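Structural overview
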Number of protein chains: 2
Amino acid sequence: MTEVAHDAQPQAQPPAQHAPEAADTVELLGLVAHLQHVAFNRLAEDARVAPSTAQQLELSRLAAAAVDRRDRVLARVVELGGEPERCLGAYARLLEDFDSRTQPSTWWERLLRSYVADGVSDDFCRIAASAVDDRSRALLLEVLDDAEHANLAVGELEAAGAQDEVLVSRLALWGRRLVGEALGVVQQAMSAHPALGRLVTRREAEARSAEEAAAAPAPEAPAAPEADGAAPAKLFGELTAEHTRRMSRLGLTA
Amino acid sequence: MTEVAHDAQPQAQPPAQHAPEAADTVELLGLVAHLQHVAFNRLAEDARVAPSTAQQLELSRLAAAAVDRRDRVLARVVELGGEPERCLGAYARLLEDFDSRTQPSTWWERLLRSYVADGVSDDFCRIAASAVDDRSRALLLEVLDDAEHANLAVGELEAAGAQDEVLVSRLALWGRRLVGEALGVVQQAMSAHPALGRLVTRREAEARSAEEAAAAPAPEAPAAPEADGAAPAKLFGELTAEHTRRMSRLGLTA
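Residues numbered from 1 in each chain as written. Chains lettered and ligands numbered in written order. Predicted model: local features only at pLDDT ≥ 70, side-chain atom pairs only at ≥ 80, totals over all residues. Heavy atoms only, no water.

Observations regarding helix H5 (residues 107-129) of chain B
What counts here: Segments assigned H or I by DSSP are reported as helices when at least four residues long, segments assigned E as strands when at least two residues long, and all are numbered from the N terminus. Helix span, expected: 1.5 Å multiplied by one less than the number of residues in the helix. Each residue gets one of three labels from its accessible area relative to the maximum for its type: buried under 20%, exposed over 50%, partly exposed in between, using a 1.4 Å probe on protein chains only.
Counted at 1.5 Å a residue, the expected span for H5(B) with its 23 residues is 33 Å, and the 32 Å between its end C-alpha atoms agrees. Most of H5(B) is tucked away, with 20 of its 23 residues classed as buried.

Brief notes about the interface of chain B and chain A
As a reminder, the rule being used: Residues count as neighbours in contact if any of their non-hydrogen atoms are within 4.5 Å of one another. Buried surface area refers to the total accessible area, computed with a probe of radius 1.4 Å, that the two partners give up upon joining, counted for both partners together. Think of a salt bridge as a Lys or Arg side-chain nitrogen and an Asp or Glu carboxyl oxygen that are within 4 Å of each other. Distance and chemistry together define a polar contact, namely a pair of N or O atoms within 3.5 Å, with one atom able to donate a hydrogen and the other to accept it when in protein, and with adjacent residues in sequence counting only for side-chain atoms on both sides. The residue classification treats Ala, Val, Leu, Ile, Met, Phe, Trp, Tyr, Cys and Pro as nonpolar and Asp, Glu, Lys and Arg as charged. All others, Gly included, are polar.
On the side of chain A, 20 residues touch chain B, which itself brings 20 residues to the contact. Taking both partners together, chain B and chain A bury about 1,600 Å²; carbon and sulfur atoms supply 67% of that area. Our enumeration of links across chain B and chain A arrives at 2 salt bridges. Here chain B and chain A share 4 residue pairs in polar contact (both at pLDDT 80 or more) between them. The set of elements that each furnish at least two residues to the side of chain B that touches chain A consists of helix H1 (22-49), helix H2 (53-79) and helix H3 (84-89) of chain B. Among the elements that take part in the side of chain B that touches chain A, H2(B) stands out by supplying 12 residues, more than any other. Per-class residue counts for the side of chain B that touches chain A are 10 nonpolar, 5 polar and 5 charged.

Overview of the packing of helix H1 (residues 22-49) of chain A against helix H5 (residues 107-129) of chain A
A pair of packed helices is characterised by two quantities: the angle between their axes and the separation of those axes. Residue and element names in this part refer to chain A. Defined as follows: For every element, the axis is a line fit to its C-alpha atoms; helices are fit only across the contacting stretch, and the angle between N-to-C directions ranges from 0 to 180 degrees. Orientation labels follow simple angle bins: below 35 degrees gives roughly parallel, above 145 gives roughly antiparallel, 65 to 115 gives roughly perpendicular, and whatever is left gives oblique. The hand of a helix crossing depends on one turn: near helix anticlockwise from the far one by less than a right angle means left-handed, and clockwise means right-handed.
Running from N to C, H1 and H5 point in directions that differ by 165°, and their axes come no closer than 11 Å. Judged by the inter-axis angle, H1 sits roughly antiparallel to H5. Seen from above, H1 lies across H5 with left-handed handedness. Counted together, Leu28, Leu31, Val32, Leu35, Arg42, Glu45, Asp46 and Val49 of H1 and Trp107, Arg110, Ser114, Asp118, Ser121, Phe124, Cys125, Ala128 and Ala129 of H5 form the full contact between these two elements. Residue composition of the contact of H1 with H5, grouped by class: 10 nonpolar, 2 polar and 5 charged.

Considering the nonpolar core
Test applied: Put simply, buried Ala, Val, Leu, Ile, Met, Phe, Trp, Tyr and Cys residues joined by side-chain atoms within 4.5 Å make one nonpolar core.
Core analysis: the largest hydrophobic core is formed by 150 residues, its most contacted members being A:Leu28, A:Leu112, B:Leu28 and B:Leu112. Every residue in contact with B:Leu112, bar those within four places of it in the chain, is listed here: B:Leu157, B:Leu171, B:Trp174, B:Gly175, B:Leu178, B:Met247, B:Leu250 and B:Leu252.

Topic: the confidence of the model for chain A
In regions of low pLDDT, the predicted coordinates are not meant to be interpreted in detail. Residue and element names in this part refer to chain A. The condition that has to hold: Residue-level confidence of the predictor, termed pLDDT, takes values from 0 up to 100.
Here chain A shows a mean pLDDT of 84. Residues at 70 or above account for 85%. Between residues 1-19, whose pLDDT stays under 50, and residues either more than four places distant or in other chains, the model counts 33 contacts. Within the model, pLDDT remains below 50 along residues 221-230, and this stretch shows 13 contacts once partners closer than five positions in the same chain are excluded. Scoring the predicted complex yields pTM 0.79 and, for the interface, ipTM 0.78.

Here's the deal with the packing of H5(B) against helix H8 (residues 165-192) of chain B
Residue and element names in this part refer to chain B. Remark: H5 packs on H8, axes separated minimally by 9 Å, with the N-to-C direction vectors making an angle of 35°. H8 is crossed by H5, and the crossing has right-handed handedness. Of H8, the residues touching H5 (which contributes Trp108, Glu109, Leu112, Arg113, Val116, Val120 and Phe124) are Leu167, Leu171, Trp174, Gly175, Leu178, Val179, Ala182, Leu183, Val186 and Met190. Across the contact of H5 with H8, the residue classes break down as 14 nonpolar, 1 polar and 2 charged.

With respect to the state of the cysteines
All names here are of chain B. Which entries qualify depends on this criterion: When two cysteine sulfur atoms are found within 2.5 Å, that pair is recorded as a disulfide.
For the coordinates displayed, the defined rule picks out 0 disulfides over all chains. The closest cysteine sulfur to the non-disulfide-bonded cysteine 125 is located on cysteine 87, 13 Å from its own sulfur. Classification of cysteine 125 by relative accessible area gives buried; the value is 1%.

Quick look at empty space enclosed by the protein
Which entries qualify depends on this criterion: Each cavity reported here is a set of points on a 1 Å grid over the protein atoms alone in which a 1.4 Å probe fits but cannot get out, each pocket an open set with protein on both sides within 12 Å along at least five of seven lines, and each lining residue one with an atom within 4 Å of a point. Grid points are joined across faces, edges and corners, and a volume is the space filled by probe spheres set on the points.
Going through the model one piece at a time under the given rule, you end up with 3 cavities of 30 Å³ or more. There is about 70 Å³ of room inside the largest cavity. Considering the residues around the largest cavity, the lining is formed by A:Asn41, A:Ala44, A:Glu45, A:Arg48, B:Asn41, B:Ala44, B:Glu45 and B:Arg48. Broken down by secondary-structure element, the contributors of at least two residues to the lining of the largest cavity are H1 of chain A together with H1 of chain B. Residues that form the lining of the largest cavity fall into these classes: 2 nonpolar, 2 polar and 4 charged.

Considering the relation of the copies chain B and chain A
Basically, it comes down to this: All copies are superposed by least squares; the fitting set is the C-alpha atoms of residues with a pLDDT of at least 70 in both.
The operation relating chain B to chain A is a screw motion whose rotation component is 180°, with 0.0 Å of axial translation and a residual RMSD of 0.0 Å. This pairing of chains is accounted for by a two-fold axis. For chain B, the smallest separation between a C-alpha atom and the rotation axis is recorded for B:Ala64, amounting to 2.2 Å. Here 100% of the interface residues in chain B have copies in chain A that are interface residues too; the copies meet face to matching face.

Regarding the environment of A:Val132
Considering the arrangement of structural elements, one finds A:Val132 in the loop between H5 and helix H6 (134-144). In this structure, the C-alpha to C-alpha distance between A:Val132 and A:Leu31, residues 101 residues apart in sequence, is 14 Å.

Description of the pattern of salt bridges
Residue and element names in this part refer to chain B. This model, assessed by the stated rule, comprises 41 salt bridges over all chains. In this structure, glutamate 79 and arginine 76 form a salt bridge, with 2.7 Å as the shortest nitrogen-oxygen distance. With glutamate 79 and arginine 76 both in helix H2 and 3 residues apart, this pair spans about one turn of that helix. Salt-bridge contacts for arginine 101 lead to glutamate 181; the nearest nitrogen and oxygen are separated by 3.1 Å. Residue arginine 101 is found in helix H4 (residues 96-101), and its partner glutamate 181 is found in helix H8; the two are separated by 80 residues along the sequence. Assessed through its relative accessible area of 44%, arginine 101 is described here as partly exposed.

What follows is the structure in C-alpha cells.
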C-alpha cells in the first residue's frame, strides 16, 4: 500500500483491484473532516437556540466532540502527506445548496434535517471507507460510528410524534424532501471529486469478485471498474435502504 | 469548611473571617461556568465567520476547550451539592445588555470585544476565587488561566494595527467603551448575586488584616466586612489597572 502523498494526475490510477493511492484516501478524509466541521457549526447553532439549558449543555458537548473527531481525521491527513486546510477547503461549498433548500422552520424540522443528512452522509463515507488502507478505515469507521446525536434526535422526535399525528405526517413529508436533497449532494460530491467515485467503485468491484469467487470456481476476469464519476449501481439503493430503516426508527414512513 | 449545599437565606452568612459557605462558592462556579458557556457560543460564532480556514480551525478548537472547562467547573458544582442547570440559569441574562450595547461592526472590533470582556471577567473571577476552598480555587485559577484566545487576539490586532494608525485610534476608543460596559456588568453581577460581593469583600478583608499584621504588632480589631452588594473599594481600581496593562500589550492607550 502506497502511503506517499503525491500531487499526481488523478487519471493515472492503478487498476481497481490495487490498494488505493493515498491521494484518494486523503480526499475522503477531507470530506469526513469537512462534514465534522459542518456538524460542529450546526450543533453549536443548535446549542445556542435549544429550548432548555439541559439541551444547550448536551448539544454543545456534541459540538466539541465533532471538533475532536475532525482534528483526528485531519491528523491522519497530515500522516498521509496531505494539507488539512486545502483538504477542507475543497469541500467548502458542498452543502451550500442543501442548506439553502432545506431551511427548517421548527425545532423538529431542524432535528430531523440533521438526522437524515448525517445518516446519508455517514453511510456514504462508510461505504467509501471500505476501500482505503486499514489505519484510515479504522479511524473513519470509529469517527462515523458516533450515534449520540442520532439517539438524541430519535428520543426527542419520538416523544414529540407520540402526541401529535399531524406533526408525524408533516415530518414524514419533510424527511422525503430531505433525503432527495441529501442524495443529490452525494451525486454532486462524486462528480466534483472523482476520487470518491473511485473508492466506491473499487469497493463494489471487490464485493463483486468476492461474490463471483464464492459462486463460480473461476471467474473469467475481474469486473471492470466503472468510469470515474459515474454513480455506482448499488450505491443509491443502499443509501435509500438505510434511510428507510432510519425513518422507521422514528415511526415515519420514508 | 462546610461543603454541604444549602438553599438557605443569603443573609444568614457567617462573619467574613470564616471560610465561605459552599453556597457562595457554587454561585461563583456558576458564574465561571456561564462565562465559559458564553465563550463557547461566541467562539463558535467567531469560527463560523472567521475569514480563513486556519482561523476557523483554531477558533473551533477554542470553542471546544471552553465546553471542556465549563464542564469541569460544573462537575465541581455537583461535588459541592449544587445543581448545574440552576447555577447556569441564574446568569442567563447577565450579558444581554452588554451584548446589545457592544455590537462589533468589524472583525477587529469583535476580537477586541472578547479580549476586553474576557480580561475583565476573568480578573474579577480570579479575585473572587481567592476566597473559596482550596480545591475550587485551584480549579478556577486553572480554568481562568487560559490565554490562548487572548494571545490569538493580541497577535492579530498587533499585526493589523502596525499598518493602520486610524484603526489603532478607533480601537483605542472602542476599548474604552468596552471596559466601561464590562465594569458595569461586574457591578450588576454583584448586586444581583450578593454571594459574589461577599467573596470579594472577604478577600479584601483578609488582605487588609494580613497587611496590618505585617505593619503593626497588634491591630485593634479585624476590619469589618463591607455591606453585601456594595462595590468593594479596591476592586474596580484593580480591574481597571489590569485592563490598562492588557491594552498596552496591544499598543493601545486605555
